[in-house]
Amino acid sequence: MNPTFTVDLNCDLGESFGAYQMGNDEAILPLVTSANIACGFHAGDPAVMKKTVRLALRQGVALGAHPSFQDLVGFGRREMAVSPEEAFDVTVYQIGALSGFITAEGGVLHHVKPHGALYNMAAVNPALAEAIAEAVYKVNPEVVLYGLAGSALVKAGEKLGLKTAHEVFADRTYQQDGTLTSRRLPNAVITDQQEAVQQVVRMVKERKVLSQQEVDVSIKADTVCIHGDGAHAVVFAQLIREALTQENITLQAFSG
């Protein structure tokens, strides 16, 4: 009997801000199973947060907070020298902001996934990871913590007893230690859509990804991130969804 596979498709959404429009949330939402909604620090604003929560609820998509460093200009992708206490504070603050809108709209917060530099730093910095995991746990211990597969962030969540989802990326390349290739380096992003689709299917079914060093790396894929801000994001999301469905992989929000 063939093994059965289930995976969550998540997307970073709600990243417009004031007069600035980013992504096509309405077109992406029907294609994914969970949404990471910007909380105002790297993108988003109160009106955008409310609108995105409403759109996601309408599509039956699981709702997640997407906390970041307070860095609108750098889109949250610039590293900052913050203490674990500061990381705890900004995480609690942003979860609280989005939770308010979710409660107001009759929804339930499903997960928390840090964004950008905060996410990448927490993947390799145990003290930062523990602070973020503690923030999530103290706000709501039932919430799922999304983190880079095999990272310090996921381990910190597991240590506290949180449900954790090991996340992989559709359009990013990997290093042989399991980390993502820095965006400051060449070939950090996979631009060939078919190559990205094949990488996703292999990560889900074989639990392996080929690193830039041409070495297979073991990886756990509970949830796959699809970036919603690319020029061809909607087409890309459709391709991945179709490919996974053809492989008889069930798509649903992570349940632990």
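Here goes a summary of the coordinates provided. Treat the numbers as computed from the prediction; the structure is a model and nothing was measured.

Tallying secondary structure elements over the protein gives eight helices and 10 strands in all. Rg of the C-alpha trace for the protein: 17 Å, near the compact-globule value of 18 Å for 256 residues, within the 12% margin. Evaluated residue by residue, the protein yields a buried proportion of 53% over its 256 residues. Sequence-distant contacts, at least 24 apart, represent 71% of the contacts inside the protein between residues at least 6 apart. Accessible area for the protein stands at about 11,800 Å²; split by element, carbon and sulfur atoms hold 50% of it. In the protein, 20 positive and 28 negative side-chain charges are present, and the distance between their average locations comes to 2 Å.

For helix α5 (residues 126-139), which comprises 14 residues, the first-to-last C-alpha distance of 20 Å matches the rise-based estimate of 20 Å (1.5 Å per residue) to within 8%. What α5 keeps buried is the set L128, A129, A131, I132, A133, A135 and V136. On its buried face, α5 is in contact with α3 (84-104), β4 (109-112), α4 (116-124), β5 (144-148) and α6 (152-160). Two or three places before A127, at the opening of α5, N125 has a side-chain oxygen 3.1 Å from that residue's backbone nitrogen.

With that settled, consider the packing of helix α2 (residues 46-59) against α3. In contact at an axis separation of 9 Å, α2 and α3 are set at 50° when each is read in the N-to-C sense. With respect to α3, the axis of α2 lies oblique. Note that α2 runs across α3; the crossing there is right-handed. Facing P46, M49, K50 and V53 of α2, the residues of α3 in contact are A97, L98, F101 and I102. Tallied by class, the residues present in the contact of α2 with α3 amount to seven nonpolar, no polar and one charged.

What counts, and at which threshold
Residue indices begin from 1 for each chain and proceed along its sequence in written order. The predicted nature of this model means local features are confined to residues of pLDDT at least 70 and side-chain atom pairs, given and counted, to a pLDDT of 80 or more, with totals for whole chains, interfaces and linings taken over all residues. Side-chain metrics in this entry use all non-hydrogen atoms of the structure; hydrogen atoms and water are not considered. Helix and strand definitions here come from DSSP, where helices need a minimum of 4 consecutive H or I residues and strands a minimum of 2 consecutive E residues; each element is numbered from the N-terminal end. In this setup the radius of gyration rests on C-alpha atoms only. A globule is expected at 2.2 Å times the number of residues raised to 0.38. Residue exposure (1.4 Å probe, protein chains only): buried if accessible area is under 20% of the type maximum, exposed if over 50%, otherwise partly exposed. The contact criterion used throughout is that any non-hydrogen atoms of two residues lie within 4.5 Å. Where accessible areas are quoted, they stem from the Shrake-Rupley method and a 1.4 Å probe; at the residue level, only the protein chains shown are allowed to cover. Charged-residue counts in this description rest on Lys and Arg as positive and Asp and Glu as negative, His and the chain ends being excluded. Where a charge lies is defined by one atom per residue type: Lys uses NZ, Arg uses CZ, Asp uses CG and Glu uses CD. Helix span, as expected, comes to 1.5 Å for every residue beyond the first. Any pair of N or O atoms that falls within 3.5 Å is considered a polar contact. Within protein, one atom must be able to donate a hydrogen and the other to accept it, and sequence-neighbouring residues count only if both atoms are side-chain atoms. Angular values range over 0 to 180 degrees, each being the angle between N-to-C directions of two axes fitted as lines to C-alpha atoms, with helices fitted over their stretch in contact. Small angles under 35 degrees read as roughly parallel and large ones over 145 as roughly antiparallel, with 65 to 115 read as roughly perpendicular and the rest as oblique. Crossings are sorted by hand: turned counterclockwise from the far helix by less than a right angle, the near helix makes the crossing left-handed, and turned clockwise it makes it right-handed. In this classification, Asp, Glu, Lys and Arg are treated as charged, Ala, Val, Leu, Ile, Met, Phe, Trp, Tyr, Cys and Pro as nonpolar, and every other residue, Gly included, as polar.

Limitation: the analysis is restricted to geometry and does not speak to function.
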